[in-house]
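# Structural features, examined
Okay, here's what each chain looks like letter by letter:
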Amino acid sequence: MTKDILMNKTASSSAFSEQRRIQHFKTTRTICGYCGVGCALDLVTRDNRIIAVHPAFDGPANEGALCVKGQFAYDYVHHADRLTYPLVRGADGQLRRATWDAALERAAQGFLDVMQKHGRHAAYGVASGRTPSEANYMMQKFIRVGFGTNYIDNCSRA
Amino acid sequence: MSNPLADMEKPDVIFCIGTNMTEAHPVAATRLKKALARGAKLIVADPRRIRLAEMADLYLPIRVGSDTALLLGMAHVIVREDLIDREFIATRTEGYERLVDHLQEKTPEWAESISGVPAAAIEKAAILYGSSDKAAIYYTLGITEHICGVENVQSLCNLALLSGNIGREGTGINPMRGQNNIQGAGDSGALPNNYVGFQPVTEPANQAKFERAYGRKIDLEKGITKVTALEQCGDTIHAMLIDGENTVVSDPDQEHCIHALKSLEHFVVIDIFLTETAELADVVLPATSWAETDGHFTNTERRIQRVRKAVEPPGEAKPDWWIIGQLAQRMGMAGFDYDSPVPIFNELCELSPIYYGIDWELADSGQYHWPIPYRGHPGTPRLHENEFINGRGKFSFTEYRDPAETIDDEYPLWLTTGRRLESYHTRTQTGRSAGLNELLPEEMLEVHPADVARFGLRDGGWAKVSSRRGAVEVRVKATRRSPQGTVFASFAFANVPINALTGSGYDPITHTAELKVCPVQVEPVVEEALVAAD
Ligand code: SF4
């Protein structure tokens, strides 16, 4: 279906712009970000936007199949609600735009303050079931190295 | 899962319990359909007459929270009818004699009295499963999200051990993991009891290993679970870092959860949207989404697969690994100045006995299922082929326990919760997908037509649902998918926070919340009042 739409679009363009359009397509093999089946898919992108998803016929878990989520639910990536800069809560209780430098400083200082005031067992980390393993590994290392505790979990219990 | 997804096409008998596979794991369900087309028989146990139940050769309409009773009854029949695999029991298991004694009283009639499933159907299911040479079990959160989640799983293991249905093609005990990388999160050591690769923190040798690797001695005691941490917020826990979880909507007992997070002195959230949870934070750090980052996911069959960046992140959003590394360095920690995810993954592999045989380059093909214990090892698509990890498979002597709360005059209906095909978890992503929003614009409470009449409700009208913890208003859908006495809703919509109702109890061992069972009462909402309130 996706392919048809693309073809219609290109059919109505001049041969020249069609060629340019094709040159700007990029496909990237990745894995669906929704459920644990782990379907392989190709993201078709142009001008830094995802414009289609193609199921991977050589995907070991899905062999060419995708469900509605994997096939269509990618436009959240480009949604206007995406967070595009750090936020820090001000004295008035409001979350406000901050630089990375200021936000990281505040985040780091807060953990150091709590540790000094309440000890190492006062901080806790929750890793995500959605992010790559590299993020989860970093979360547990952050807690274990930073506090010397095992106060880390992921969201599998709820 | 003990077996690879490809094995789903191979069994002669498939026993699905507590899994709404066609909605929660649709692509896996297509493999199951291939097995059925080949002539495999399907047994489905579920409180709701879900699509999978309609496909079944034998449907067991079980009362919510009574799985252990049903499974004990089935084990009783397998022993009584002599459908056991003697050689397997003799060479691979322990505790058989004691199990036989334990099952003596667990007759199908006894199981019927608790589960509501007719004894004859329990017998039929047990005979079908037990007499097959290739029978496989599939389950999901319908088994684990109970106060007796551990007993439920152990009772399933008993069936597989009794009949020797494990460690071979088309058999096994196969939990379908929910989130895309929930398996990887555990593998990576984001657990209070295990380092990376499930190495127990209570083992002094592991403590020494990680002291060498991380340059710091880490507690020999287990940490607390997230559930306990949320209970202790403001008490002993004063700072929290949450990465990519909308705790406020996904966790049980919403009021308690919001209160807990608000009582923290310092709260930092890493996420891609300003979720209900991020709104409570002191610092919110914008992360890259799945299409903007490189790394790995491990799927439900333990297959390690590469995720690749396809587009640049919006604005100043950064990868999670970078954010956490920066935070650590600013706190003065050493060993966090990574310049890409590659050395992070390689370090993970080197410290993990189950990823030890691979690295970033080798993982690129996506062909490896862990464990991959050494370089050159081909990976392990099927677990327990020749032996179990801890020697022999142990039978468990489980007992049925009532859910944390049971129905009574005040709360006369069982509420059970779950997922729907068109939405995902708390909808921070699918809720922002235009097409999917049209397919599933609002939550509906699924009620049997007889209960609609009994409680004075109206199909399409509004109902107030209350539990001992809270109340929500939701539109009613009359359907025979729900049995009489049980209603269903998903927890996907923040404006119908079903988890304001749940949270009656937790499994004492795993601390998994009992999200699948919650006694409620329903009453009609006068529609004029609703209009006026608008
Ligand atoms: S496409 Fe559907 S079944 Fe496949 S991983 Fe994504 S959500 Fe799961």
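Rules and cut-offs
- Residues numbered from 1 in each chain as written.
- Chains lettered and ligands numbered in written order.
- Predicted model: local features only at pLDDT ≥ 70, side-chain atom pairs only at ≥ 80, totals over all residues.
- Heavy atoms only, no water.
- Domains from an automatic or database assignment.
- Buried area = accessible area lost by both parts, 1.4 Å probe.
- Salt bridge = Lys/Arg side-chain N within 4 Å of Asp/Glu carboxyl O.
- Polar contact = N/O pair within 3.5 Å; in protein donor to acceptor, adjacent residues only side chain to side chain.
- Helix = DSSP H or I, 4+ residues; strand = E, 2+ residues; numbered from the N terminus.
- Expected span 1.5 Å × (residues − 1).
- Buried < 20%, exposed > 50% of the residue type's maximum accessible area, 1.4 Å probe, protein only.
- Arc of directions from axis to C-beta.
- Near = heavy atom within 4 Å.
- Nonpolar A, V, L, I, M, F, W, Y, C, P; charged D, E, K, R; others polar.
- Contact = heavy atoms within 4.5 Å.

Next up on the list: the domain arrangement of chain B. Residue and element names in this part refer to chain B. Assigned domains of chain B: these are domain 1 (5–176), domain 2 (178–223 + 288–375), domain 3 (224–286) and domain 4 (413–533). Approximately 1,300 Å² of surface area, both sides summed, lies buried where domain 3 meets domain 4, with 65% of it carried by carbon and sulfur atoms. If you sort the residues of domain 3 by the area they bury against domain 4, V249, P252 and F273 come out on top, with a joint share of 35%. At the surface where domain 3 touches domain 4, the tally comes to 0 salt bridges. One can count 1 residue pair in polar contact (both at pLDDT 80 or more) joining domain 3 with domain 4.

Residues and elements named next belong to chain B. The end-to-end C-alpha separation of helix α8 (residues 119–130) is 16 Å, in line with the 16 Å expected for 12 residues at 1.5 Å each. Of all the positions in α8, only A119, A121, I122, A125, A126, Y129 and G130 are classed as buried. Angular distribution of buried residues about the axis of α8 spans 160°; they occupy a single face of the element. Residues of α8 that are exposed and point over 90 degrees away from its buried face: A120 and K124.

Another point: the site of the ligand. In the vicinity of the ligand, the contacting residues are A:C32, A:Y34, A:C35, A:G38, A:C39, A:L66, A:C67, A:G70, B:P26 and B:V27. Around the ligand the close residues trace back to chains A and B. Split into classes, the residues belonging to the shell around the ligand amount to 8 nonpolar, 2 polar and no charged.

Let us look at the side chain of B:S467. All names here are of chain B. The topology assignment puts S467 in the loop between β17 (462–466) and β18 (471–478). Take S467: its relative accessible area is 5%, and that puts it in the buried class. There is a polar contact of 3.0 Å between the side chain of S467 and the backbone nitrogen of R469. In this structure S467 touches Y411, L501, C518, P519 and V520, once residues within four positions along its chain are discounted.

Turning next to helix α17 (residues 341–351) of chain B. Those residues of α17(B) lying buried are B:P341, B:I344, B:F345, B:L348, B:C349 and B:L351. For α17(B), the side-chain oxygen to backbone nitrogen distance between the N-cap and B:V342 is 3.0 Å, and the N-cap itself is B:S340.

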